[in-house]
Structure formats: C-alpha cells, structure tokens
Amino acid sequence: MRLKTVSPVGRRIIIAVVVILVVAAAAILLFVTEARAAPAQPIAFNHQVMGQLGIQCLYCHNTARVSPAAGMPSMAKCMGCHKVVDPTNPVIKEVAAYWDKQQPIPWVRVNVMPRFVFFSHEAHVNNGVSCETCHGDVNHMTVAHQVVNMNMGWCLDCHEKQPNAPQLIDCVICHR
Amino acid sequence: MTPKITRRNFLRFATLGAGATILAGCANPRRWVTLEPYVRPPEEQLAGVATWYASTCRMCPAGCGIIVRIMNGRALKIEGNPEHPLNQGKLCARGQAGLQLLYNPDRLNAPVVQSGRGSHQFRAIAWEEGINTLFDKLQGAGDQVAVLGGSSMSGHLYDILGRLTSAIGASAPVIYDPLVSMNGYVALKDVDMALFGKAALPTYDLGNADIVISFGADLLGPGLSQVRYGIEYGKFRSGRLGQRGYLVQLEPHQSLTGAKADLWLPVQPGMEGLVAQAIIDLIASHSFASPDPLRVERAKLFAGPVDLNKTAAATGISPTELLHLEQIFAEAERPLAIPGGGLSGLPDANASLTAVQALNFIVGMPAGGPGGMSLSPEDQLSKLVVKPQPSSFSDLLVLLGKMKAGAVKVLLVLGSNPVYELPLQAGLAEALAKVPYVVSFAPIVDETAAQADLILPDRTYLESWGYDVLSPAFDLPVVSSQQPVVTPRFDARSAADVLLTVAKGIPAAAKVLSWTDEVAFLKEVIAQFPQGAVTGDNGVIWERYLQHGGWWPAAAAAPQGPATMQALPPPPLQVAAPQFLGDAGQYPFFLHLYVSSLLSDGRGANLPWLQASPDPLTTVSWQTLVEINPATAQKIGVEDGEVVKVSSPYGEIEGYIYTYPAMRPDTVAIATGQGHIDYGRYASQHGSNPLLLVGAQPAWASVRVNVTSTGRKVKLSIFEWKPGVEEGFPNQAFPGG
Amino acid sequence: MALPVHKWTMIIDLDRCTGCGACVVACHAENNVPVQTEREITRLRAMHWIRIERYWQGAYPDVQARFLPVQCQQCGDAPCESVCPVYATNHSPTENLNLQTYNRCVGTRYCQNNDPYKVRFFNFFDPDFEDSLTNQLNPDVTVRTAGIMEKCTFCVQRIRRAEEDALSRGVSLKDGDVIPACVQTCPPGALVFGNLNDPNSQVAAALREQEQRSFRLLESLGTDPAIYYLKGGSSHA
C-alpha cells in the first residue's frame, strides 16, 4: 500500500498515529536515565570551589565506602566549616538560614536510577572505581549535573569488561 | 503571534500537544524527589546502614529478647536477640509480626473521649486535657479506684500502679487475661508451693531429657515459652550425639507438640491427671530397673491402690499403654512429666496438676543438673524489681463484685480486653454499668475501649520503656530490657508517664512516686543491680542494660536441693474424674478450647501477617473453625465448610466445620482468637469468639457443647488441598520416615 | 580479582521442624510479601514464599501431622527458567541461585506452570499495603506490582549485602555471615543455610554426617534442587 493511494484524511491519520507512537517510544526509551540539564537546586552549591580546596568526595558523601548509598552531608557538616569559612557570602548565608531554622536543605536528585535498580556505591568504591568514572569531573562542575545516561547498557559496557568476574553480569548484581 | 488552528492543521497541533504531554509524563519523577539530609546526624547512623536496637517482645508473656532493624528512623524487621539467655536469637511468628502493631493503621493518634459508651463517637482531645480529666476523676474517687491489667505488662508500670493504688488506699491491680488461666500460671505456682516449697513456675530442661511425658502441654505451640521450648526441642531431638529423646503426648486434640511426639495418645478430655495418678500408683507397686531406688519410696507418698481397667475405661488409654508409660518413665535416667495449661481449667485442677508434678517429685526434682525440672529462679530478683503477679479467676470475680456493688468509681484498663475475653456470665457488662468512669489505655480501640469514657492510648511495646522479669526464667533469672526503637508515633504518651504526671497532683501518691518520668524511675531501679553478665559495673550499667537487652547474672545460682516435703497431703492422691458442665444428652461433645498459635488469645487478630498466615495444623486463615473428627462429621451429617452453631450451657457461636483426623470423636476443638467486633479493620468481623462458650468459673476446660448445622456452607479460606474442599497443591505423599 | 563461586544450600531437618510458622511470617516481613484477604484465599491466591505443608500420616487413633517446609528449591536445572519468554528468570552460575528479575517479568506465568514444586506466585493485584504499614517495607527488596511473578530468593538481598560488606571490610565471607530470614528465626534450628562449596560450612558438614537421612524433593525429575531435607521421625538415632 503506497501512501499516495490513501485518501488525504487517511494519510494524515496514519502520519499522526505513527508520530505519536515514535514520540512515545522515544520518551520511554530516552527519559528514564537521560542525562538532562542540571535540575534547579535550592542553593547554588558549587562543587568546583570544594574541588579547588582539595576536599575529598568522601568527606561529605561519607558512606560510599560502607553502604550502597553515598550519603548526603548533614547540615551540621556544612556548618562545621561554614560557621567560620566565608560566612558573609550570600550563598553561605542561605545555608546558615536553614541551619538557624534547624531544617534540612531539600536538594534535588541529580543522578537517577529506576526503583528496581539497587546500585551499590560500596561495591564500586571498594573495587577501585573512582567517583569520576560515573559522575564525571564533579570537581570542575559549578552546577552538579548527570554526565552520562545511566542506563543498563552503559553499566554493562563496563561490567562486561572486568576480568575474572562473571558475577558482574548476573541479573542479581543490581536487581532484587 | 499565535497560529490559528484550522481544520487543516488541527491534527498537526493535536499530535504535537499529545507528544508534549507524553514527554512531560514520562520524565522520571524521581528527579523531583528531594534528598533531605540530617540536620544533626545521630552519631551511630550511616546512610543505608541499619542500626539495631535491643528490646523485649511483648506479644506474649514469655519475654523473648529482640533486636530491631532501624533505617531512617523506621523499624523494618524484628529478630531474636542472640545474646538473650531465653531465646538465644530465635523468635516465633507472633514476635515477627510486632511491626504491624507499631505501624497499625487503626492506632489512635490522640486521646479521645467517647460520648456514650459503645457509641463509637470519639472526640479527639489534647493530651493535657486527657491527663487533667484522669486526674480530676482519680482525685474525686479517693480509694474507690480499680485497675485491671494484662499479663504482658511491663514490670515498671505494674510497680507504679501498685504504688499509686497503695498510696490512695485502693486495691492492688488485678492482672488477668485468657493466657493467665489457659497457661495456668496461678494454679501451677500453688501446686509447686505445696510440693516443692516455692511458689514458682516449673521449667523443664527438655533439651537434656531422655523421656518426656506431656500431659496436654503444648510446649511447641503457644504455651509458657514457645521459643525457648522450640530451641530445647531441637536439642532434644538431635543436639546430643547418639541420643534422640522420646516424647509422649496425651491430649484429646493433636497440637503441634502432639504432631512431633513419638507416641500420641488421645486421652479423654480432663483425664490427664488420672493417667498421671495411675503411673504413680504403678511405680509404687511395681519393681523395675530404676536408676534411683528412692523412686518407689517417693511414689508411695502419693500412691493408692491400682485399678488399671477402671483407669483405662475412664481415660481411653489401654492397660498395656499405661504399663508402658510407667515403665519408660520409671526406668529413665532423666525423665520429665509436663502438665498442660488445660489441666488448670478442670474442676479439680489442683489434684490433676499435683499428680503430674508429683511424677517429677518422684524422680527427684528439683535436683539441678541436666534434663530435669527446675523452679523458675526469678524470686532471686524479688528484692530488686517488681513484676506483675497474675491473679486467679476468683480474684477477678472479687473485682467484678466490687464493681457491681458500686464500690468502684474509676476503672483503669491497661493491656487487657475483658469485654472480649471474659465469659458473659461473669457479668462484666452489668459491672461496668455501675462504674461511673472507665479509662482505657488501649492503643487501638478494642471491645473494652469501646465501652470506656476516656481513652489515653499507650505507646506500643516497640516505642516503650520498661522491663520484663522473665517468668518462667530458665537457668538464669533475667530482667529483659525495653526501650523505644523508633520515635513514638503521634507523640503517644506512655501510661507510666501519664500516671506519674497524675500522681504529682495527689499528695499521698506524690510522696511515693516522685520521679519526673518513667526513665528516671527505670534508671534508679536498674542502677541498684549487682554486676551482671553484660552490664559491667556502676558507671555503664544502664547503657549496657539497654544495649545488650537486659540484665542477667554471669552464672546460674547453685542448683536447688531436693524438695522439702512438709506440705504434702496424705496419700492417696485422688484425682477425681472431672464433671463436665452441661448435660451429656443435650450437649454430647466435650469442648476442647485451645490457644491459637498465631492469634494467641485474640490479641494477634489485628495484625494482617498473623491473620493471613495459615494456621499450622489446619492451614486455614481469617476464619473460626469447629474441628471435629471425620467419623463424627459423617455421623452428624456435616461436611467441611458447613456453617454450624456450637452451643454450650453458657453461650452460642457460629463456626465452620473442619474435619480434623487427629482428635477424639467425642470432642469438638475450637481455637481462640477471632470474633472481634472492634480492635481494628483486620480483627473485626472475622470468625467467632469461643471464649463465649465458657461459663463464669475457673473450669474453662470442662464444658460440653452441641453442634447443629445451619444448613449454610462457605468456602474455607484454606491453603492446603483438602478433598472435598477445593483444588490446591497436589503432592500428598510424605517422603520421609 | 576472582570472586568465589557460591553454592548456596539449605538443609531442612524434618525431625526438628515443629511447624510453628515463624519462618512464614519472617519471610513476609523481610521480603515485602503482601497478605491476602479471606476472599482471595478462597480463590486459591494465597501467597507465601515459604509454606509449611502439613500431611497426615496414618488414621485415627494412630495419626499424626507431618510438616514439610517448602520454598523455591533453587534448582540447578530449573524447569521454570527455560520457559520464560523474556528471560526474567535465569540462573546465576556464581551464586547458584534461580533469579527472578521483577522489572523484566511480563506475567505470562509459564514459569509457574512449569514449576513442579509450585513455589512461584503471581501478583494478581497491586499489593494493598495500608499507609502506615508501608513504613515497615524493606528498602533492599523491590515492592512488586500486579502482573509480576515472585518467589523465594534465599534472601538474595542479604547475600549481596553480606558480600559487599565483606568486600568493604577486606575480609572474605565466612559461614554464618549470610542467614536468610527464615533460617534466622527458626527456634528449633530446623533450617540451616550456607555455601556448600565451603567444606567447613555447617551445610557441608551436615550432608556428610547425615547422608543416610538426606533426600531432595522430586529428585527423579532431575531438577537438582539446592535444598536438602533430612528425614523426620526416628530415622536417625
């Protein structure tokens, strides 16, 4: 059946349906783990400043070595330095405002995985995978953003390359 | 300049619009979830790493130690505390289900007043108002205050209640719930006092025994200490190289223990004591190869003439079997005789229990050493801590009498649900009507709270402070600790704190209850303990007590010496055949009432895990079954799933027939637990309450019933494949020996 | 770095099992297994990853109940794996477990059909966890929705976590580090779990010492289950 033999209205309907299907498929396939533009954060946190000062990732994200979760620094940790470090900076003042109200900063998640993926920082950090491998050059990011599409294919690319570790392509390594 | 939508380009715009909508909808919503860090992180908490807190399970009176897995302030899983001397890291089904009590959707989130008892018109009030109301009522009542509590109450709460009632001149709290009578706490202590000179519960070293004769005791089911006896049972079977213990179970309806016995004898209901007496008589009159020559002498202290045929006719146990039992018991090195809670529900409970415990006396108990009977050692702690004393049924009737006479102005109910639990003939409804003010501390509105004027919901046990002096304790006396493992929900106040607050306004009480809160009280109690196994010395005793789950001594006290004999009655011990209540013509069957292993006496019915799990022996959930022997079913013309009325001289309930092969044809068995009309969405409107079939006397185990069909039939919510019920899982063959 | 290959094995001692059902509830709590209403159970949709099968042996008065705990046998040669059209269930050669990947399952139920032990369960409905009860859900285990098959995993989340923790502590996994929920709670100690590839493990020792008592369910089908039962009764001295 050639498009030209279909009536004009029929043609439009077919094109419309095809476009809708393609858009839907694209949305589903691309959006789950897509590295999008950095989401807006409540405080303009700048990792580059931290990096320049030589502060290690694990100082704030301190459970990455012992837990599946890397952890977010508590307000007390921020204020531990920022009570005295650059307190007049307007961004720091915003942080202090949260601390004064004894409220946590509602950070927006940057790196996203679906709920049925049980990613473990512990397993990666203890196997010598550096933070930059997945998170990119955070030390030079002014605004934190996801650098790669963290989909299963991307994970497997690395997992498959590891020598003597057939466990890494087991489904159960991530899915429980 | 907005483009104009015409008929020509309508589809174009619609597609783009649809596409955009889909795009927006498909974006990962997790990106808009915020990550909120701690403001001040608790020292011991790491993200994604759970912390475990030790406490004590309060789902039954046994008091197993537990550890609870906490992540982000939520309790996720309960496990047995491996350090705890009683349960050594193990836990039963009810203990595992405790999380659903903490997070039960039917919990009251504030104190309430009810406008009209039974109306269910509850008005939430502030805690201050609730506490002030309680204070006003107590102040106005003087000494006419009564307290009714349950057997799982924390020791410190019982202590506070005791001091309060004593200070204002009111009677001591009455501690009563169905487990008190169905486990026979009071009756057993009385018998032990007479035989062994100490009013303590017996404990049995099952793990090291060689021959065990259980007279209806469901050790492996919900009895005095299910988890500990489960652990002991494992040792009894294969813990000792080359030795596998031999268990005999005598009961009219097979329990879990009966299923695991090496010999199961369906004894006539109520006749277990006669079997024990027959064994005593036989030991006294026979000679045999006993490792201990004193057995015959001791048996003569109780024995009378032997009439095997008469006993056989009464009990349903043949003379050969009786002789066999006597022989294996008398010749064993480490024999045990264990009385069932059901014996305490007979008219002549004392004689039946004495007969069984006399068998232990005869073989030299309590003697210390492995494989024997001991007396629970918690009295060693009596100078240090107070623990709830279960009351007898007569004590309860005294309280009801006072209420009916108008001598009680305020009634406090904590951890007990008498409107559901007590027989109708006890007259609780009439008694409550004469009490001007009833206060319940139930966290979920149960049948009794529905008849209260004020409810001050207590915290559930996972959010509570306290301690439990284990009773029975086994080789070591144990004070098991309790601490909140999560921040209490709804700002719930503990009953102990409420009472301490109220006491401050009553001068007589303020003198004896000067602590600011329950934690201050507990710290003072615990600080006076001597050095224990895990608690170290003075500086860290409280912290270690909480961290490890309690206090217990490093070593057991020296074993008790042989029994003193002054309180023995003269021989012969005469166990009378029990008179069952109800005319045999009108009520042809014996009622065998037993405690459900999942729902307990009804307290577990509001937890979905316990309701939905299959009952171990029938594999049915959510329903009340009337279990009868298949031959009986055929005889009276009923089948599985048939709805029947079970009537006794005292009441009537409905249930569904379940043909149960391992029970006597003259008996009907019904498990407790269902039949709630309140107590939350999972409990209410399921099944029937068989406690309604019992009359207002302690002999709950000697009732006769009749079974009549209503003509209706239901589908059993059953897990197994049962012929005639529904198709299920196909494999019937049991592969092993 | 070569990681060790585990052969996770469970031993169930039928002489010790008292049928109490603690394992059933423990599994519900650990694995976010939903409960079914009375109505659903009458429709044979009860879901328990581990169940206690109760058989009657004999006839009154010589009759007794016999208990057989049954959960996924983690077959070495699983009939359920070969029939899944989307490869949602497959075998782990390094853990020797039968894996179930929930997000891939499309709910054909062919695996349940092929499973001779009938230990696979289908979610006919979205589980209805009341609001406050969701606080209890285990964050280490997916909460399944309608249309997904599920079954016992030998608490694979505990296995994985123990392996990761051992790695981060720089030690190797020893016998007793991994304990599924059912095994942990069982009072008579009827359930024993461990790595059969470790000759010093409890399971290896039990199989060596009690070989004459051991058997596997439906062994003649050639499924090679990872659960060994020890015969009950006085089959041993």
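Conventions adopted
- Residues numbered from 1 in each chain as written.
- Chains lettered and ligands numbered in written order.
- Predicted model: local features only at pLDDT ≥ 70, side-chain atom pairs only at ≥ 80, totals over all residues.
- Helix = DSSP H or I, 4+ residues; strand = E, 2+ residues; numbered from the N terminus.
- Rg over C-alpha atoms; globule rule 2.2 N^0.38 Å.
- Buried ≥ 20, exposed ≤ 12 C-beta atoms within 10 Å, placed from the backbone.
- Contact = placed C-beta atoms within 7 Å.
- Nonpolar A, V, L, I, M, F, W, Y, C, P; charged D, E, K, R; others polar.
- Pairing = 2+ DSSP bridges.
- Axes fitted to C-alpha atoms, helices over the stretch in contact; angles between N-to-C directions.
- Parallel < 35°, antiparallel > 145°, perpendicular 65-115°, else oblique.
- Left-handed = near helix turned anticlockwise from the far one by under 90°.
- Core = buried A, V, L, I, M, F, W, Y, C linked by C-beta atoms within 7 Å.
- Expected span 1.5 Å × (residues − 1).
- pLDDT = per-residue confidence, 0-100.

1. Digging into the overall build of chain A
Thought 1: Per the secondary structure count, chain A includes eight helices and one strand.
Thought 2: Reading the helices (α) and strands (β) of chain A from amino to carboxyl end gives α-α-α-α-α-β-α-α-α.
Thought 3: Its C-alpha atoms give chain A a radius of gyration of 22 Å, clearly above 16 Å, the size a compact globule of 176 residues would have.
Thought 4: Seen along its three principal axes, the alpha-carbon backbone of chain A occupies a region of about 75 × 45 × 30 Å.
Thought 5: For chain A, with 176 residues in total, the buried portion stands at 18%.

2. Looking at the overall build of chain C
Thought 1: Secondary structure assignment for chain C yields six helices and 10 strands.
Thought 2: For chain C, the C-alpha radius of gyration of 18 Å lies close to 18 Å, the compact-globule estimate for 237 residues.
Thought 3: Residue burial in chain C is summarised as follows: out of 237 residues, 50% are buried.
Thought 4: Within chain C, contacts between residues separated by at least 24 positions form 60% of all contacts whose residues are at least 6 apart in sequence.

3. Thoughts on the interface of chain B and chain C
Thought 1: Taken together, the contacts link 62 residues of chain B with 61 residues of chain C.
Thought 2: Those elements giving two or more residues to the side of chain B that touches chain C turn out to be strand S4 (74–80), helix H2 (93–96), helix H3 (99–102), helix H8 (226–238), helix H9 (256–260) and helix H22 (608–612) of chain B.
Thought 3: When residues of the side of chain B that touches chain C are assigned to their parent elements, the largest contribution, seven residues, is made by H8(B).
Thought 4: Broken down by class, the residue content of the side of chain B that touches chain C amounts to 31 nonpolar, 20 polar and 11 charged.

4. Things to note about the sheet that holds strand S3 (residues 65–71) of chain B
Residues and elements named next belong to chain B.
Thought 1: Spatially, the three strands line up as an open sheet ordered S2-S3-S4, and their pairing is antiparallel. Two strands in the sheet have a free side with no partner beyond their single neighbour: strand S2 (51–56) and S4. This sheet shows a mean twist of 30° between the axes of neighbouring strands, independent of strand direction.
Thought 2: Relative to S4, S3 is paired through six bridges, and the arrangement is antiparallel. Within the sheet, the bridge partner assigned to Met71 lies in S4 and is Arg74.

5. Observations concerning the interface of chain A and chain C
Reports of interface size often rely on the accessible area that becomes lost once the parts have come together.
Thought 1: In this assembly, 17 residues from chain A lie in contact with 22 residues from chain C.
Thought 2: For the side of chain A that touches chain C, the class distribution of residues is eight nonpolar, five polar and four charged.

6. Notes on the packing of helix H4 (residues 75–82) of chain A against helix H5 (residues 90–100) of chain A
All names here are of chain A.
Thought 1: Following both chains from N to C, one finds H4 and H5 inclined at 130°, their axes separated by 10 Å at the closest point. In terms of their interaxial angle, H4 and H5 are classed as oblique. You can see that H4 and H5 cross each other, and the crossing is left-handed. Contact residues: H4 offers Met75, Cys78, Met79 and His82, while H5 offers Ile92, Val95, Ala96, Tyr98 and Trp99.
Thought 2: Tallied by class, the residues present in the contact of H4 with H5 amount to eight nonpolar, one polar and no charged.

7. Here's the deal with the nonpolar core
Thought 1: One finds Ile280(B) and Val626(B) to be the most contacted residues of the largest nonpolar core, which totals 289 residues.
Thought 2: Leaving out residues up to four positions away in the same chain, Ile280(B) has contacts with Ala299(B), Phe302(B), Ala303(B), Ala355(B), Ala358(B), Leu359(B), Ile362(B) and Leu573(B).

8. Observations concerning the environment of Ile541(B)
Thought 1: You can see Ile541(B) is positioned in helix H21 (residues 541–548).
Thought 2: Distance from Ile541(B) to Leu522(B), taken between C-alpha atoms, is 12 Å for residues 19 residues apart in sequence.

9. Considerations on the environment of Gly222(C)
Thought 1: Here Gly222(C) lies in the loop between strand S9 (214–215) and strand S10 (227–230).
Thought 2: Since 10 C-beta atoms lie within 10 Å of it, Gly222(C) is described here as exposed.

10. Considerations on the packing of helix H7 (residues 185–196) of chain B against helix H14 (residues 349–362) of chain B
Residue and element names in this part refer to chain B.
Thought 1: Direction vectors running N to C along H7 and H14 enclose 55°, while the axes themselves pass 9 Å from each other. The orientation of H7 relative to H14 falls into the category oblique. Considering how the two elements wind past one another, H7 and H14 form a crossing that is right-handed. Residues Ala187, Leu188, Asp190, Val191, Asp192, Ala194 and Leu195 of H7 touch H14, and the partners they reach there are Ala349, Asn350, Leu353, Thr354, Gln357, Ala358 and Phe361.
Thought 2: Looking at the contact of H7 with H14 residue by residue, the class counts come to nine nonpolar, three polar and two charged.

11. A word on H7(B)
Since one α-helical turn is 3.6 residues long, residues separated by three or four positions face the same way.
All names here are of chain B.
Thought 1: Helix length check: H7 (12 residues) gives 16 Å between terminal C-alpha atoms against 16 Å at 1.5 Å per residue, within 8%.
Thought 2: Most of H7 sits inside the fold, with nine of its 12 residues counted as buried.
Thought 3: Those residues of H7 not exposed but buried are Tyr185, Val186, Ala187, Leu188, Lys189, Val191, Asp192, Leu195 and Phe196.
Thought 4: Just past H7, the residue Gly197 takes up positive phi, approximately 80°.

12. Overview of the sheet that holds S9(C)
Remark on secondary structure: sheet strands pair via backbone hydrogen bonds, oriented parallel or antiparallel.
Residue and element names in this part refer to chain C.
Thought 1: Reading across from one edge, S8-S1-S10-S9 is the order of the four strands in this open sheet, with mixed pairing throughout. Of all the strands in the sheet, just strand S8 (191–195) and S9 have a single pairing partner and so form its edges.
Thought 2: Pairing between strand S1 (residues 8–13) and S8: five bridges, direction antiparallel. Directly across from Trp8, in S8, lies its bridge partner Asn195.

13. Points about the environment of Val119(C)
Residues and elements named next belong to chain C.
Thought 1: Relative to the helices and strands, Val119 resides in the loop between helix H3 (110–114) and strand S6 (121–122).
Thought 2: C-beta crowding within 10 Å serves as the criterion here: with 21 such atoms nearby, Val119 is assigned to the buried category.
Thought 3: Separated by 72 residues in the primary sequence, Val119 and Leu191 have C-alpha atoms spaced 18 Å apart.
Thought 4: Ignoring anything within four residues of it in the chain, the contact list for Val119 reads Val70, Gln71, Cys72, Lys151 and Cys152.

14. Quick word on unusual backbone geometry
Residues and elements named next belong to chain B.
Thought 1: Following Met365, the chain continues into Pro366 via a peptide bond in cis, with omega recorded as -15°.
Thought 2: Looking at where Pro366 falls in the secondary structure, it is placed in the loop between H14 and strand S14 (373–375).
Thought 3: The phi angle at Trp622 is positive, at roughly 65°, despite the residue not being glycine.
Thought 4: By the secondary structure assignment, Trp622 is in the loop between H22 and strand S22 (625–628).

15. Topic: the pairing of S3(B)
Residues and elements named next belong to chain B.
Thought 1: Note: S2 against S3, six bridges, orientation antiparallel. Residue pairing across strands places Tyr53 opposite Val68, the latter belonging to S3.
Thought 2: Hairpin geometry of S3 and S4 is characterised by an intervening segment of two residues between the two adjacent antiparallel strands and by a positive phi of about 55° at Asn72.

16. What to know about the confidence of the model for chain C
Segments scoring low in pLDDT should not have their predicted coordinates read at a detailed level.
Thought 1: Overall, the predicted model of chain C reaches an average pLDDT of 94, with 97% of residues at or above 70.
Thought 2: Reported confidence for the predicted complex is 0.97 by ipTM and 0.92 by pTM.

17. Regarding the confidence of the model for chain A
Thought 1: Taken as a whole, chain A shows an average pLDDT of 89; of its residues, 93% reach a score of 70 or greater.
Thought 2: Averaged over each element, pLDDT in chain A is lowest for helix H1 (residues 8–31) of chain A (83) and highest for H5(A) (95).

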